[in-house]
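# Inside the fold
Spelled out, the chains give:
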Amino acid sequence: MHTVICAKQTPSTTAILAVEEGKVTWSDPGGSPDIANPWDEYAIEEAIRLREKHGGKVTAISMGPDEAREALKTAIAMGCDEAVLITDEAIKGSDTLATSYVLAKAIEKLGDVDLVIFGRQAIDGDTGQTSMQVARRLGWTPLSFVSSVDELDLEGRTVSVTRAIESGRQKVKGAIPAAMSVLKEINEPRYPSFKGIRKATKYMKRELCAWGAADLDADANRIGEAGSGVNWPEVYSLPPKEGECTIIEADTPEAAAVALVDKLFEEKVI
Amino acid sequence: MSAIWVWVEQHDGEVLPVSWEVLGAGRTVAEELGVGLSALLFGQGIEGLAQDIIQRGADKVYLCDDATLADGRAEPYASLLSKLAGEHKPQAILAGSTSSGRDVLALAAVDLEAGLVPDCTALAVQDGRIKATRPVYAGKLLSNVYSKGDTLLASLRSRAFPPAEADAGRSGETVVVEPAMQPDDIRVEVLGLEASEGTASLTDSATIVSGGRGVGGPEGFEPVRQLATTLGGALGASRAAVDADWIPYAMQVGQTGKTVSPDLYVAAGISGAIQHLAGMRTSKIIVAINKDPEAPIFKVAQYGIVGDLSKIVPAMVAELEKRL
Ligand SMILES: Cc1cc2nc3c(=O)[nH]c(=O)nc-3n(C[C@H](O)[C@H](O)[C@H](O)COP(=O)(O)OP(=O)(O)OC[C@H]3O[C@@H](n4cnc5c(N)ncnc54)[C@H](O)[C@@H]3O)c2cc1C
Ligand SMILES: Cc1cc2nc3c(=O)[nH]c(=O)nc-3n(C[C@H](O)[C@H](O)[C@H](O)COP(=O)(O)OP(=O)(O)OC[C@H]3O[C@@H](n4cnc5c(N)ncnc54)[C@H](O)[C@@H]3O)c2cc1C
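Residues numbered from 1 in each chain as written. Chains lettered and ligands numbered in written order. Predicted model: local features only at pLDDT ≥ 70, side-chain atom pairs only at ≥ 80, totals over all residues. Heavy atoms only, no water.

### Quick word on the nonpolar core
To keep it simple, the criterion reads: Among buried residues, those of type Ala, Val, Leu, Ile, Met, Phe, Trp, Tyr and Cys that are joined through side-chain atoms within 4.5 Å constitute a nonpolar core. The cut-offs for exposure are 20% and 50% of the maximum accessible area for each residue type, with area from a 1.4 Å probe on protein chains only; residues under the lower value are buried, those over the upper are exposed, and the others partly exposed. Here, two residues are considered to be in contact whenever any of their heavy atoms come within 4.5 Å of each other.
One finds Ile5, Ile117, Leu143, Val159 and Met180 of chain A to be the most contacted residues of the largest nonpolar core, which totals 41 residues. Those residues in contact with Val159 of chain A, other than ones at most four positions away along the chain, are Leu143, Val149, Glu151, Leu152, Val172, Lys173, Gly174, Ile176, Ala178 and Met180 of chain A. Ile4, Ala25, Ile46 and Ala50 of chain B belong to the second largest nonpolar core, which has 39 residues in total.

### Some words on the interface of chain B and chain A
Put simply, the rule reads: By buried area we mean how much accessible surface two parts lose on assembly, using a 1.4 Å probe and totalling the loss over both. A pairing counts as a salt bridge when a side-chain nitrogen of Lys or Arg comes within 4 Å of a carboxyl oxygen of Asp or Glu. In protein, a polar contact means a hydrogen-donor-capable atom and an acceptor-capable atom, both N or O and within 3.5 Å, with residues adjacent in sequence counting only if both atoms are side-chain atoms; elsewhere, any N or O pair within 3.5 Å suffices. Amino acids outside the nonpolar list (Ala, Val, Leu, Ile, Met, Phe, Trp, Tyr, Cys, Pro) and the charged list (Asp, Glu, Lys, Arg) are all regarded as polar, and Gly is one of them. By the convention used here, strands pair only if DSSP detects at least 2 bridges between them. Numbering of helices and strands runs from the N terminus, with a helix taken as a DSSP run of H or I at least four residues long and a strand as a DSSP run of E at least two residues long.
With 82 residues of chain B at the contact, the number on the chain A side is 83 residues. Across the chain B to chain A interface the summed buried area is about 7000 Å²; carbon plus sulfur atoms make up 59%. Its largest share of buried area at the contact with chain A, chain B owes to Tyr137, Arg187 and Tyr303 of chain B, together 11% of the area lost on that side. Connecting chain B to chain A are five salt bridges. For Arg163 of chain A, the salt bridge is made with Asp103 of chain B, and the minimal N-O distance between the two is 3.4 Å. Across the contact surface, chain B and chain A share 38 residue pairs in polar contact (both at pLDDT 80 or more). Tallied by class, residues from the side of chain B that touches chain A come to 40 nonpolar, 21 polar and 21 charged. Pairing of strand S11 (residues 168–175) of chain A with strand S13 (residues 188–195) of chain B, which is carried by seven bridges, proceeds in the antiparallel orientation.

### Looking at the packing of aromatic side chains
Short version of the rule: Pairing of aromatic rings covers Phe, Tyr and the six-membered ring of Trp, with a centre-to-centre limit of 6.5 Å; geometry is then stacked below 30 degrees between planes, edge-to-face above 60, and tilted otherwise. Two limits define a charge over a ring: the Lys NZ or Arg CZ must be within 6 Å of the ring centre, and within 35 degrees of the ring normal.
Summed over all chains, the structure comprises four aromatic pairs over all chains. Ring centres of Trp26 of chain A and Tyr137 of chain B lie 6.3 Å apart, and the angle between their planes is 50 degrees; this geometry places the pair in the tilted category. Here Tyr137 of chain B lies in the loop between strand S9 (129–136) and strand S10 (141–147) and Trp26 of chain A lies in strand S4 (residues 23–27), a pairing that spans two chains. Relative to Tyr77 of chain B, the ring of Trp7 of chain B lies with its centre 5.5 Å away and its plane at 65 degrees, an arrangement referred to as edge-to-face. Pair noted here: Trp7 of chain B is in strand S1 (residues 4–7) and Tyr77 of chain B is in helix H3 (residues 74–88), with a separation of 70 residues, a long-range link. Overall, Trp7 of chain B belongs to the buried group, its relative accessible area being 4%. Every member of this aromatic cluster is reached through a ring pair, and the members are Trp7, Phe42 and Tyr77 of chain B. Over the aromatic face of Trp211 of chain A sits the side chain of Lys109 of chain A, whose NZ or CZ is 5.1 Å from the ring centroid. The aromatic ring of Trp20 of chain B is capped on one face by Arg56 of chain B, whose charged end is 4.1 Å from the ring centroid.

### Regarding the domain arrangement of chain B
All names here are of chain B. Note the threshold: Here the bounds of each domain stem from an automatic or database domain assignment.
The domains assigned to chain B are domain 1 (4–185) and domain 2 (207–323). If you average the C-alpha positions of domain 1 and of domain 2, the two centres end up 33 Å apart. On the domain 2 side, the residues contacting the six residues of domain 1 number 10 residues. For the domain 1 and domain 2 pair, buried surface summed over both sides reaches about 640 Å², with 48% attributable to carbon and sulfur atoms. When the area that domain 1 buries against domain 2 is broken down by residue, the three leading residues are Ala138, Arg157 and Arg159, summing to 68%. A salt bridge links Asp263 to Arg159; its shortest N-O distance comes to 3.0 Å. Where domain 1 touches domain 2, the interface holds one residue pair in polar contact (both at pLDDT 80 or more). Here the residues of the side of domain 1 that touches domain 2 sort into one nonpolar, two polar and three charged.

### Side note on the packing of helix H3 (residues 96–110) of chain A against helix H4 (residues 130–138) of chain A
Residue and element names in this part refer to chain A. Spelled out, the test is: Angular values range over 0 to 180 degrees, each being the angle between N-to-C directions of two axes fitted as lines to C-alpha atoms, with helices fitted over their stretch in contact. Here is the rule for angles: anything less than 35 degrees is roughly parallel, anything more than 145 is roughly antiparallel, 65 through 115 is roughly perpendicular, and the remaining ranges are oblique. Handedness of a crossing follows from how the near helix is turned relative to the far one, being left-handed for an anticlockwise turn of less than a right angle and right-handed for a clockwise one.
Relative to each other, H3 and H4 sit at 55 degrees, their axes nearing to 8 Å. The orientation of H3 relative to H4 falls into the category oblique. Remark: the crossing between H3 and H4 carries right-handed chirality. Packed against H3, whose contacting residues are Thr96, Leu97, Thr99, Ser100, Tyr101, Leu103, Ala104, Ile107 and Glu108, the element H4 presents Thr130, Gln133, Val134, Arg137 and Leu138 at the interface.

### Looking at the state of the cysteines
As used in these notes, a disulfide is a covalent bond between sulfur atoms, one from each of two cysteines. What counts is decided by this rule: For the purposes of this analysis, a disulfide is any pair of cysteine sulfur atoms at a distance within 2.5 Å.
For the structure on display, the rule yields zero disulfides over all chains. The thiol of Cys209 of chain A is unpaired, and the distance to the nearest cysteine sulfur, on Cys6 of chain A, comes to 14 Å.

### Comments concerning the site of ligand 2
Residue and element names in this part refer to chain B. This is how the line gets drawn: Whether a residue is near a molecule or strand depends on its heavy atoms: it is near if one of them lies within 4 Å of it. To be clear on the numbers: accessible area is Shrake-Rupley with a 1.4 Å probe, and residue cover counts the displayed protein chains and nothing else.
Surrounding ligand 2, one finds 25 residues, the nearest of these being Arg213, Ser238, Thr256, Ser271 and Gln275. The contact in question runs from an oxygen atom of ligand 2 to an N or O atom on the backbone of Gln255, over 3.0 Å. For ligand 2, the accessible surface in isolation is 980 Å², of which the surrounding protein chains cover 78%.

### Brief notes about the site of ligand 1
Taken together, 35 residues form the shell around ligand 1, and within it Lys8, Asp40, Thr127, Gly128 and Thr130 of chain A come nearest. Mapping the residues adjacent to ligand 1 onto the chains of the assembly identifies chains A and B. Contacts to ligand 1 include Ala7 of chain A, whose backbone N or O atom sits 3.4 Å from a nitrogen atom. The contact in question runs from an oxygen atom of ligand 1 to an N or O atom on the backbone of Ser94 of chain A, over 2.9 Å. The fraction of the free accessible surface of ligand 1 (920 Å²) that becomes covered by protein chains is 95%. Those elements that provide at least two residues to the shell around ligand 1 are strand S6 (57–63), H3, strand S8 (115–119) and strand S14 (230–237) of chain A together with strand S7 (115–120), S9 and S10 of chain B. Split by residue class, the shell around ligand 1 holds 16 nonpolar, 13 polar and six charged.

Here it is as structure tokens:
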């Protein structure tokens with residue numbers, strides 16, 4: 001069984017963002033400004049658990065600038081077997097249409113993949129759509145919002161999962177190969193062990209596989225800005241909140257509650 | 001000029017509230033561009049809804065009534081959507097930002113090699129082009145996204161657009177279409193659904209009352225839940241409360257939970273961590289109840305009470321019960 005996980009580097013969840021002329025930069029006074037997308041840890045954990053149960057190997061893929069290495073390092077440190085970095089000037093500015101094209105090409109190049117697992121979304125681009133677009137490009141079973149993998153039948157070539165959607169918990173079964181996006185409920189990601197981190201540091205220096213657009217035989221018109229269906233030239237801060245917070249003061253909690261309820265009626269939100 | 005399309009999502013013959021909002025947004029954009037508005041209505045036993053959709057603004061309804069479309073699987077919906085769009089080349093295809101809306105558009109965008117903008121909070125027409133605005137970086141920033149091709153696909157956030165109003169005088173045309181997939185070609189089979197309470201209403205609710213670590217324990221949620229019920233709203237929570245197992249994950253609001261945008265959001269015993277704000281900052285009126293006057297939640301709130309929520313929340317319930 002060969003599982004691929006796709007992971008991406010993102011700003012840390014506590015990063016302070018600044019925008020200037022549509023360009024976003026960030027810093028984090030409290031720690032590392034770049035991290036592996038937090039949602040991806042659930043994908044990595046699930047892939048490792050499936051390997052522990054069914055054997056095989058797990059390959060991590062990240063497409064991005066050289067800094068995307070950090071996401072792959074986390075993946076190896078947690079226990080993935082191999083990692084592939086896809087990096088090329090030509091893929092800059094890719095939307096999810098172009099990103100899914102490149103990721104699908106890389107998965108095809110690996111050849112023998114049964115399952116691709118994604119996090120639900122990346123906390124920067126935040127679209128949550130790359131996973132299902134990769135599924136479609138490959139022609140594989142699309143399984144989104146997965147909260148548990150209930151059964152994996154490698155002989156019968158099927159996978160059964162539970163999806164957490166608005167109407168409830170939906171149980172579905174699909175053919176392998178499949179591509180899925182997983183939710184936080186699915187597991188509790190492990191912390192990388194000291195040994196894992198040492199292995200990852202070594203792996204990144206000596207063994208990491210790096211592919212460019214040419215290695216993937218990618219069509220130049222379908223990658224980067226040229227291959228994208230949208231662009232996002234304007235990025236800006238939220239308009240500042242109008243006015244200060246009105247603190248309701250009163251002698252007793254009851255009086256404060258009454259005054260607040262008055263305000264809410266005035267605002268017509270009750 | 002090519003039309004604006006709206007996928008009207010229905011579950012068990014009932015149109016989702018967000019779909020009426022998308023239809024309203026589609027109508028506005030179509031009028032600004034001077035083009036028609038068409039709706040896509042797919043499912044089983046849903047024919048009766050077409051008239052409703054026309055009265056709420058569609059000039060044309062593409063109707064497909066088929067057993068393969070009964071359980072809302074994304075593949076047959078997406079294949080039909082992209083087949084029709086390939087034939088008629090609409091300028092935009094809009095849907096609600098639900099789990100199905102997101103999946104169907106993601107798959108169809110690949111078929112059409114078209115751009116897709118998720119979870120938009122505003123749409124505008126600028127120099128004859130559609131400008132779609134969406135929150136990015138976990139809601140910390142906004143971005144305007146534009147199409148580079150002929151067709152733009154976009155999902156719209158629930159409660160960000162006013163719903164389409166019905167006008168009994170409107171007329172339109174219904175076009176019956178055939179499904180695009182054979183039952184055996186669909187790769188997913190639905191085995192069952194365990195319906196959940198609460199989760200659906202969270203993103204659709206006009207009022208949400210959320211509790212955090214400050215409620216002190218599972219029993220501490222009772223008054224918070226009562227306030228939500230009294231206001232006819234939904235119950236939410238911070239991750240700290242979810243992690244403590246006081247309340248199910250389905251109620252979590254924030255970066256790794258639900259994104260909500262109600263008219264009224266009451267945060268009781270929630271400090272206002274950046275990851276929590278990511279999920280509720282676009283609410284119209286935010287009320288904070290916290291004993292710490294320095295809590296960051298007061299920075300985004302319009303109204304605040306500094307005090308003990310275990311006294312204030314029940315007092316609010318008592319007052320509301322008198323007045324509602
Ligand atoms: C401000 C801004 C606005 C944008 N708006 C849009 C838009 O409206 N439409 C659009 O199509 N694109 C948009 N993009 C581009 C989009 O962010 C990129 O295409 C990105 O590579 C993938 O999307 P995502 O970050 O939303 O990932 P998601 O789709 O949210 O991620 C889902 C899963 O896919 C994995 N994944 C995503 N990208 C990669 C990668 N490069 N390598 C490995 N795994 C990956 C994630 O790690 C995660 O597990 C925008 C980008 C920015 C900066
Ligand atoms: C990757 C990542 C993702 C995350 N995603 C989310 C997410 O989706 N949603 C989320 O909410 N958090 C998320 N968090 C966690 C977030 O950082 C905070 O830890 C969390 O929101 C804190 O919850 P809280 O406000 O309930 O608890 P605390 O921060 O402990 O705040 C409790 C508050 O209650 C007040 N209080 C205590 N007793 C009383 C009383 N009797 N009356 C009134 N007030 C009282 C205190 O003054 C305090 O302000 C995430 C964190 C990470 C790292």
